[in-house]
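# Results of the structural survey
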Amino acid sequence: MSVKFALLALLSRQPSTTYQLRKDFDETTSNSWPLNIGQVSSTLQRLQRDGLVVRDAHDDDDARPWHLTDQGHRELEAWWADPVSPAQRGRDEIVIKFALAVALGDLDVHDLVQKQRSATHRTLHDLTRLRRGLDADDIAGRLVLDNHVFLTEAELRWLDDVEETAARRRTPDATHHAPRTTPAAPRERSAR
């Protein structure tokens, strides 16, 4: 997730203080990706260093609103125009963890899957509860939570596959098992 572009997008709507930006971000994402104030502050300082935002002159540092510069507007427009690539999404720790567990070979992958599956089920339960509690008009919150729900459901399916793959690998005659396949679609009869 790019905090940088989230803050630029929020500032494109209106100038805001550091605290207001954090509050707006949390509300936009239905508090599903909470930002701490230090992360917001350090990101804003980098954006200021890079010439993308500026602050008003004011005595009280906390009450000084941030504004987008012309360069900040251009950077945000470029972000809106470019699709997000897989490389921008970053490395997924769970994938790395299980790849290493399988590669090392001396870990109980089944146990790791069970622990992760339990945690993922709790996450899905919490997300579903949050989703049910949204106001009908909170489209942004719905989009964010739906994405989390779909990704969490996909993670559960992936964990099933990890467990099945690791079990086949442990089985002494695993090389004799046919790979799991999806049923073939019925063939159409040719017209004679």
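Residues numbered from 1 in each chain as written. Predicted model: local features only at pLDDT ≥ 70, side-chain atom pairs only at ≥ 80, totals over all residues. Heavy atoms only, no water.

### So, the overall build of the protein chain
Inclusion rule: Here a helix means four or more residues in a row that DSSP labels H or I, a strand means two or more in a row labelled E, and each is numbered from the N terminus. Only protein chains enter the accessibility calculation, which uses a 1.4 Å probe; a residue whose area is less than 20% of its type maximum is buried, one above 50% is exposed, and one in between is partly exposed. Two residues form a contact once any of their heavy atoms are found within 4.5 Å. Per-residue accessibility takes into account occlusion by the displayed protein chains alone, with areas from the Shrake-Rupley method and a 1.4 Å probe.
A tally of helices and strands in the protein chain yields 7 helices and 2 strands. The linear arrangement of helices and strands in the protein chain, starting from the amino end, is α-α-α-β-β-α-α-α-α. Burial analysis of the protein chain (192 residues in total) assigns 29% to the buried set. Taking the intrachain contacts of the protein chain between residues at least 6 apart in sequence as the baseline, contacts between residues at least 24 apart amount to 54%. When the accessible surface of the protein chain is totalled, it reaches about 13700 Å², and 52% of it is carbon and sulfur.

### A word on the packing of helix α1 (residues 3-13) against helix α4 (residues 70-81)
The test is simple: Fitted lines through C-alpha atoms give the axes, limited to the stretch in contact for helices. The angle between two N-to-C directions lies from 0 to 180 degrees. By definition in this entry, angles of less than 35 degrees are roughly parallel, angles greater than 145 are roughly antiparallel, angles of 65 to 115 are roughly perpendicular, and the rest are oblique. Crossings are sorted by hand: turned counterclockwise from the far helix by less than a right angle, the near helix makes the crossing left-handed, and turned clockwise it makes it right-handed.
Relative to each other, α1 and α4 sit at 115°, their axes nearing to 10 Å. When the axis of α1 is compared with that of α4, the two are roughly perpendicular. The chirality of how α1 crosses α4 is left-handed. Of the residues in α4, those in contact with K4, F5, L8, A9 and S12 of α1 are G72, E75, L76, W79 and W80.

### Details of the environment of R22
By the secondary structure assignment, R22 is in helix α2 (residues 18-28). Classification of R22 as partly exposed rests on a relative accessible area of 30%. For the pair R22 and P34, spaced 12 residues apart in sequence, the C-alpha separation works out to 8.3 Å. With residues near it in sequence (within four places) discarded, R22 still touches L35, N36, I37 and V40.

### Focus on unusual backbone geometry
Its identity is not glycine, yet S30 carries a phi of approximately 50°, on the positive side. Its place among the elements puts S30 in the loop between α2 and α3 (37-49).

### So, the confidence of the model for the protein chain
Selection rule: pLDDT measures the predictor's confidence residue by residue and takes values from 0 up to 100.
Per-residue confidence for the protein chain gives a mean pLDDT of 84; residues scoring 70 or more make up 85%. Note on residues 174-192: pLDDT under 50 across the span, and 5 contacts to partners over four residues away in sequence or across chains.

### A few points about helix α5 (residues 93-104)
Using the following cut-off: Multiplying one less than the number of residues by 1.5 Å gives the expected span of a helix. Comment: arc refers to directions from the helix axis out to C-beta atoms.
Along its 12 residues, α5 runs 16 Å from first to last C-alpha, staying within 8% of the 16 Å computed at 1.5 Å per residue. Along α5, the residues that are buried comprise I94, F98 and A101. Burial along α5 is one-sided: seen end-on, the buried residues are contained in an arc of 55°. In α5, the exposed positions that point more than 90 degrees away from the buried face belong to E93, A103 and L104. Where α5 ends, the next residue or the one after it, G105, has phi of about 75°, a positive value.

### A short note on the pattern of salt bridges
Operational definition: Salt bridges are defined by distance alone: a side-chain nitrogen of Lys or Arg within 4 Å of a carboxyl oxygen of Asp or Glu.
As enumerated under the stated definition, the model contains 11 salt bridges in all. Residues D160 and R117 are paired through a salt bridge, measuring 2.8 Å at the closest nitrogen-oxygen approach. Here D160 is found in helix α7 (residues 139-170), whereas its partner R117 is found in helix α6 (residues 109-132), with 43 residues between them in sequence. Overall, D160 belongs to the partly exposed group, its relative accessible area being 41%.

### A look at the side chain of D26
Definition in use: Only four residue types enter the tally: Lys and Arg on the positive side, Asp and Glu on the negative side, with His and both chain ends excluded.
With respect to the helices, strands and loops of the structure, D26 is situated in helix α2. Summary of buried charges: D26 has no salt-bridge partner, and the nearest side chain of opposite charge, R22, is 4.0 Å away. Those residues in contact with D26 that lie beyond four places of it in its chain are N31, W33, P34 and L35.

### Quick word on the environment of L21
Within the secondary structure, L21 is located in helix α2. Residue L21 is classed as buried on the basis of its relative accessible area, which comes to 0%. Between the alpha carbons of L21 and L11 there is a distance of 7.9 Å; along the sequence they are 10 residues apart. If near-sequence neighbours (up to four positions away) are discounted, L21 is found in contact with L7, L10, L11, S16, V40, L44 and W66.

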